[in-house]
Amino acid sequence: MKIFIRILDGLFFALFACSYMFLSDKSLLLAYVPMTLIFALLNIFPSVCNAKIKSFRNRVCAEGADLLTSFLIATTLTVAFYVANLIYAGISGSWWIAVGLAVTELAIVFWNGIIRVYCTSVQLGIKTRVVGILCGPIPILHIWALWKIVQITSKEAWFEHNKYMLNKQRQSYEICKTKYPLLMVHGIFFRDYKHLNYWGRIPNELQKNGATVYFGNHQSALPVSLSGAELAQRIQNICEQTGCEKVNIIAHSKGGLDARYAISCCGADKYVASLTTISTPHKGCVFVDWLLEKMPKPVQNTIASAYNSALRKLGETPDFIAAVSDLTYKRCDELNRQMTDSDSVFYQSVGSKLNKAVSGKFPTNMSYHFVKHFSGANDGLVSEDSFAHGEYKYLTVKGTRGISHADTIDLNRENIDGFDVREFYVQLVADLKNRGM
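A brief look at the structure comes next.

Conventions and cut-offs
Residue numbers run consecutively from 1 along every chain, following the written order of its sequence. For this predicted model, a pLDDT threshold of at least 70 governs which residues receive local features, and a threshold of 80 or more governs which side-chain atom pairs are given and counted, while totals over whole chains, interfaces and linings are taken from all residues. The side-chain numbers reported here are obtained from all heavy atoms of the structure, hydrogens and water having been left aside. Comment: elements are numbered from the N terminus, with helices defined as DSSP H or I runs of at least four residues and strands as E runs of at least two. Our radius of gyration is a C-alpha quantity, and the globule rule it is checked against amounts to 2.2 Å times the number of residues to the power 0.38. A 1.4 Å probe rolled over the protein chains alone gives each residue an accessible area, and that area as a share of the maximum for its type sets the label: buried under 20%, exposed over 50%, partly exposed in between. A contact between two residues is defined here by any heavy atoms of the two lying within 4.5 Å. The protein chains shown are the only cover counted for residues, whose accessible areas, like all others here, come from Shrake-Rupley with a 1.4 Å probe. Residues form patches when they are more than 30% accessible in relative terms and have no salt bridge. Like charges link within 9 Å. Nonpolar side chains (Val, Leu, Ile, Met, Phe, Trp, Tyr) link within 5 Å. Should a side-chain nitrogen of Lys or Arg be within 4 Å of a carboxyl oxygen of Asp or Glu, the pair is scored as a salt bridge. Note: two strands are recorded as paired if DSSP finds a minimum of 2 bridges between them. Axis definition: a line fit to C-alpha positions, over the contact stretch in the case of helices; interaxial angles, taken between N-to-C directions, run 0 to 180 degrees. A helix is expected to span 1.5 Å multiplied by its residue count minus one.

What follows concerns the overall build of the protein. From N to C terminus, the protein includes 16 helices and six strands. Scaling as 2.2 N^0.38, a compact globule of 437 residues should have a C-alpha radius of gyration of about 22 Å, whereas the protein reaches 28 Å, well beyond that. When the backbone C-alpha atoms are referred to their principal axes, the protein occupies close to 90 × 55 × 40 Å. Taken over 437 residues, the protein has a buried fraction of 50%. Partitioning the contacts of the protein with sequence separation of at least 6, the portion at a separation of at least 24 is 77%. Within the structure as shown, the protein displays about 20800 Å² of accessible surface, and the carbon and sulfur contribution to it stands at 64%.

On to the environment of Leu381, then. One can find Leu381 in the loop between helix H15 (364-375) and strand E6 (391-395). Note on Leu381: relative accessible area 23%, which makes it partly exposed. Taking the C-alpha atoms as reference points, Leu381 and Tyr347, separated by 34 residues in sequence, lie 22 Å from one another.

Right, let's talk about a nonpolar patch on the surface for a bit. There is a patch of nonpolar side chains on the surface, built from Ile3, Phe4, Ile7, Leu8, Leu11 and Leu77 and spanning about 540 Å² of accessible area. Looking at the nonpolar patch element by element, the count peaks at five residues for helix H1 (residues 2-18). Turning to its location among the elements, Ile3 is positioned in helix H1. Residue class for Ile3 comes out exposed when judged on its relative accessible area of 54%.

Ordered by their spatial adjacency, six strands build an open sheet running E2-E1-E3-E4-E5-E6, and the pairing between neighbours is parallel. Here the strands that pair on one side only, and so sit at the sheet edges, are strand E2 (213-215) and E6. Within this sheet the neighbouring strands show an average axis-to-axis angle of 20 degrees, counted without direction. Pairing analysis gives five bridges linking strand E5 (residues 346-352) to E6, with the strands arranged parallel. Within E6, the residue paired with Ser352 across the bridge is Leu395. Relative to the sheet, helix H10 (residues 254-265) contacts strand E1 (182-185), strand E3 (247-252), strand E4 (272-278) and E5, its axis offset from that of E3 by approximately 145 degrees.

A separate point is helix H4 (residues 56-89). Along its 34 residues, H4 runs 48 Å from first to last C-alpha, staying within 8% of the 50 Å computed at 1.5 Å per residue. Of the residues one or two after H4, Gly90 is the one with positive phi, at around 80 degrees.

This is the structure:
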């Protein structure tokens, strides 16, 4: 039904554009009034099929994709008509006028569609937007780029609509309303929501399904012992201020080590019901070992000094080298001997892998090869043999894409075929609820 309407719209736009050849025919002039009105309405309300999309942003995105589809159909038919007319009747003054009017009409449809998708789509990303702009003036390539944009944005709009409907249908069940609230703990070099939305669309999705969410709020780059102490204090404060007794921790990357230290070495075990580590290098990160071994000390100190100086201006007291050094294999082995698991805490872990380096975003697409050389399959930073701690889940998808270190926290807000990161967290937390936590 949807594609049928797109074809009808494209046919109408083409008919309108081709009708300019007959402007001199007075008997057809009256037809331009209703045709112009229909043209305006189709540009304002591109398709009734999108009316059921509840989110305004997603609806506008879907309408933009529909307009671009109709533009491609109309442009193909219009070009064919004017070329045939040129061959049959030759160039005349009226031909040029008609072509000018047709180009103007089709340009309105194109810009209406492209502005809508460029302003509303998340999945287009910077790369696709730039490719679209660069390919615009190049014949054939511009058709390919435009069709790619249509596919991405149309798929995004309906995917988000289906997620909206799913959450609405199960809203009353509050499947993520756990006994104890969630505490989401960031990894190294980030600060939850203070400087960047570290967890992407995940917290909002969990809250839609009944979860109560807090954040670690500890500093971005301190050794595990200091980060663990900060985190233990944060956990205690949450429990005392809210009366929740305990928290369920979901920690990413180094945050998993920080959380384990808080539980095992800082007395936070009595405040923690569960710890779920995501992409945490429990046995260390070989890429860090390689960097610290191969990178000259002056270079290390320069990078550390620049980072520490920048973060001090933001109110932190970072220690770049100490934080990074705690991720080496040797240091993680020492920490693992200190951080013995608590019998009162449920532990589980999640790991993932990239299938090819090119499918990851910078810098994981660069580091992937180094980690693979030393340790095999990895997520761009952490190898497969370093993830597991407690009950273990392993994430991957078929094909070349894979799931990177950043994908597991939705850092890039990317919808990955075969892996819905938001739904993964919803089901992860729903399982905690089912376990009575």
